[in-house]
Amino acid sequence: MNGLGLALAPLVIVGLWALLVPLAGVAARGWSRVVALCGVGLALAAAASLVGEPGLALGGSVVGEALVVDRLGLGFDLVVLVALAVLIAGEPPGPGGAARHGLVLLAGTGALLCAHAGDLSVLVTGLELACLAAGALLWLGREASGEAAGRAGFTWLMGQGLAAGLLWLGLGLIYGATGTTRLAELGGRIGAVFLRWGASTVQAAVDLLHSSEPLGASLISYSRDAAVHGAAPAMLLLPGLGLALVGLLARLGAAPLQLLAPAVVQRGSAAAVGTTLVLVRVAATAAMLRLFVAVLHAPRMVYAPYGWGTAAGLVGGLSAVVGGVAAVRAVDLRRLLAWAWVAQAGLMLVGMLAAADFYAHAGARSGGLRISDHVDWGQAAGDAAVAAVLLCLATHVLASLGLLAAHAAFDRGRGLVDLVGLGRRAPGSAAALAVCLLGLAGAPPTGAFIARMALLQAGLEDSNVLVRVALVLGLIAGVGLACACLRVLTLLWARPAGEEPVLGRGWARASLAVLAAMLLATGLWGQVSVEAARAAGAGAGLAPGSAARRAWQGSDDAASR
């Protein structure tokens, strides 16, 4: 491997361990969890060794341009690997444990593929691996979770199958219009499609066909051929973009496309819930950033009437409002978590739209500035919006994993009643759970508050009124989510009806404490968190290893000096 190829070490390790763990479970029963955790630890060590790698700032493509490596991919690597460590530690090595551990690793491999996708085929492969692994985990847990869980899981799988069909059809139309699956080439090919559509010969042919003057048969035939030849790629591209966007939004869990996720997570097994809520959503976020934000950010691709921005902004605002309001009625930690993810998906979607707006603005107009200054401003503002989305995702993943660990430790099937008086029985675990609840609500002193403020700054700086309105409405509706978290916080220190012994799995309580400490650290060392997110998002709107990214990186280094 060359220097850039070494950046794929976490992906390669997780993929190999996904194949080895089931075999290890057959050879040495009861050791599958240890083997899986060793693999994740090795991948984490490889990813940590790459944090200061200067070559990742520019990035590049490997494996025939099918995969890309850069700091954005490394940031997703770290988020996915932390999630894998927690989910595998929480899955006991009983009967079928090796299969479940292998499936969790397989879902992580899919998420890592999406983070490093340089080709549409790799992007689709990663998404389907993550979703199929989640479906298999739901199926394996049907006996322990009951018939209702099986029905909910089957319904979720049917919805995901429909989303996959829409995504495949949309990407197929995009390929038919552009003739490429390489993400690095896709932006230029799409620009050529619109140039071809707006060519003077095509418009003249259309005007001739609409003319009331009598035309000869040969002229009519020529005009039809010219109009179809010029407009056909665009007629394939526009529906393809819409279908691909719907497919990815369904995977992201945005309203109204959450596809019964709250019902599934309330009844599924711990591994299935974590994979569905965390790994699949991380994979979809990476896919959205790699395809729509980093590639499809040309002005015609973002703005109305042909762009995806209006639909994404409306869905994002709706998701943030629906998730925040619905969380108030949640009577279970998992259901609260599911609706929190719907709200979070909406906020991140609005942040991604703001980033695409900034990238589209870059060089589009000077507005009193030199063109070079406006390009620099657009790229820098877009990178800041991407950094805000990454920080929101990372803090929300930590809070979500903490709540899942708390549910596994203290749930006895009575909903929030099981948490009443936890602060008196287990004050340490209650304090850790309180930190995770504050992170879920986006409140200080966690890094989630800093992430929300960065996202709000990016949205208000954007001139798109839809982004501003959707983001403000989403943050206001987040008061509902905050009230739901506050209700759980009050239950932790309420006086229980009777003293109950402290129960809970040791691994779950240990995971909860570690995750709460990490979440608290993102807030106490907020500037470090922001700088790390900005480093990961730097140059996200430019193809890794491209000349444009090299020039932008050089100008950014000169400005920092």
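See the structure printed just above.
Cut-offs applied
- Residues numbered from 1 in each chain as written.
- Predicted model: local features only at pLDDT ≥ 70, side-chain atom pairs only at ≥ 80, totals over all residues.
- Heavy atoms only, no water.
- Helix = DSSP H or I, 4+ residues; strand = E, 2+ residues; numbered from the N terminus.
- Buried < 20%, exposed > 50% of the residue type's maximum accessible area, 1.4 Å probe, protein only.
- Contact = heavy atoms within 4.5 Å.
- Areas by Shrake-Rupley, 256 points an atom, 1.4 Å probe, with all protein chains shown as cover.
- Axes fitted to C-alpha atoms, helices over the stretch in contact; angles between N-to-C directions.
- Parallel < 35°, antiparallel > 145°, perpendicular 65-115°, else oblique.
- Left-handed = near helix turned anticlockwise from the far one by under 90°.
- Nonpolar A, V, L, I, M, F, W, Y, C, P; charged D, E, K, R; others polar.
- Polar contact = N/O pair within 3.5 Å; in protein donor to acceptor, adjacent residues only side chain to side chain.
- Core = buried A, V, L, I, M, F, W, Y, C linked by side-chain atoms within 4.5 Å.

All right, on to the overall build of the protein chain then. Counting secondary structure elements, the protein chain contains 24 helices and 2 strands. Here the protein chain, with 561 residues, has 55% of them falling under the buried criterion. A separation of at least 24 residues holds for 79% of the contacts in the protein chain among residues at least 6 apart in sequence. With an accessible surface of roughly 21,800 Å², the protein chain has 67% of that area assigned to carbon and sulfur atoms.

Where helix H15 (residues 309-326) meets helix H16 (residues 333-361), the closest approach of the two axes is 7 Å, and the angle between their N-to-C directions is 150°. Classed by the angle they form, the pair H15 and H16 counts as roughly antiparallel. You can see that H15 and H16 cross each other, and the crossing is left-handed. Residue-level contacts link Gly 309, Ala 312, Gly 313, Val 315, Gly 316, Gly 317, Ser 319, Ala 320, Val 322, Gly 323, Gly 324 and Ala 326 of H15 to Trp 339, Val 342, Ala 343, Gly 346, Leu 347, Leu 349, Val 350 and Leu 353 of H16. A breakdown of the residues in the contact of H15 with H16 according to their chemical character gives 12 nonpolar, 8 polar and no charged.

Our focus in this paragraph is the side chain of Thr 522. Checked against the element boundaries, Thr 522 lands in helix H22 (residues 506-524). For Thr 522, a relative accessible area of 15% gives the class buried. Side-chain polar atoms of Thr 522 contact the backbone nitrogen of Gly 447, separated by 3.1 Å. Excluding residues that lie within four positions of it along the chain, Thr 522 makes contacts with Thr 395, Leu 398, Thr 446, Gly 447, Ile 450 and Ser 529.

Looking now at unusual backbone geometry. Cis geometry is found at the peptide bond from Pro 444 to Pro 445, where omega equals 5°. Of note, Pro 445 is situated in the loop between helix H19 (427-441) and helix H20 (447-461). Positive phi outside glycine occurs at Val 63, with the angle close to 55°. Along the polypeptide, Val 63 turns up in the loop between strand E1 (60-62) and strand E2 (67-69). One non-glycine residue, Glu 65, lies in positive phi territory at about 65°. For Glu 65, a relative accessible area of 37% gives the class partly exposed.

Generally speaking, nonpolar side chains in soluble globular proteins are found buried as a group. Residues Leu 291 and Leu 336 are the most contacted members of the largest nonpolar core, which totals 176 residues. Broken down by element, the residue count for this core peaks at 21 residues, all from H16.

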